Amino acid sequence: KTGHEITEVDIINWANQTVKVRAGKNTTITQFKDAQLSTGVYLLDLLNGIKKGVVDYNMVTPGHMEEDALMNSKYAISIARKLGATIFVLPEDIVEVKPKMILTFVGTLMALDKSGVLGM
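Source: prediction; values computed, not measured.

Draft legend 1. Local environment of the overall build of the protein chain. Helix and strand counts for the protein chain stand at five helices and zero strands. Listing every helix and strand of the protein chain by position from the N terminus yields α-α-α-α-α. For 120 residues, the compact-globule estimate of 2.2 N^0.38 gives 14 Å, and the C-alpha radius of gyration of the protein chain, at 13 Å, lies within 12% of that figure. Split into buried and exposed, the 120 residues of the protein chain put 45% on the buried side. Across the protein chain, contacts joining residues at least 24 apart in sequence account for 55% of those joining residues at least 6 apart. Carbon and sulfur atoms make up 56% of the accessible area of the protein chain, which totals about 6,900 Å². Counting 13 positive and 13 negative side-chain charges, the protein chain places the centres of these two groups 8 Å from one another.

Draft legend 2. Quick peek at helix H3 (residues 66-82). Between its first and last C-alpha, H3 extends 24 Å over 17 residues, near the 24 Å set by a 1.5 Å rise per residue. Within the sequence span of H3, burial applies to Ala69, Leu70, Asn72, Ser73, Tyr75, Ala76, Ile77, Ile79 and Ala80. Buried residues in H3 make contact with helix H2 (41-50), helix H4 (91-95) and helix H5 (99-115). Downstream of H3 by one or two residues, Gly84 has phi in the positive range, about 105 degrees.

Rules and cut-offs
- Residues numbered from 1 in each chain as written.
- Predicted model: local features only at pLDDT ≥ 70, side-chain atom pairs only at ≥ 80, totals over all residues.
- Heavy atoms only, no water.
- Helix = DSSP H or I, 4+ residues; strand = E, 2+ residues; numbered from the N terminus.
- Rg over C-alpha atoms; globule rule 2.2 N^0.38 Å.
- Buried < 20%, exposed > 50% of the residue type's maximum accessible area, 1.4 Å probe, protein only.
- Contact = heavy atoms within 4.5 Å.
- Areas by Shrake-Rupley, 256 points an atom, 1.4 Å probe, with all protein chains shown as cover.
- Lys, Arg positive; Asp, Glu negative; His and termini not counted.
- Charge placed at Lys NZ, Arg CZ, Asp CG, Glu CD.
- Expected span 1.5 Å × (residues − 1).

Rendered as structure tokens:
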């Protein structure tokens, strides 16, 4: 609505603010190829920031083992779909940190959040 094209930096800034302010977590990213994205935890924190309480953290692991990271990633995709997002990313795309796929995932969440359909 501001009349300028949304950039990757805008999306990252929105995501980091949402995680920090609305989810109360300290995780941040600087780009969509950050290695820490492979665990899926940041994306779960972001989802919890978009809709408080949507993530059951008893189901979340640190994601250091590939199998755990895949489970976190599947969980994040499942939650995003339940919130109404159209998701094209695969859990493997997150674990392998495919920047364009993660950008699309986070951008879709941003659009969903800004649309106001989720309420607060």
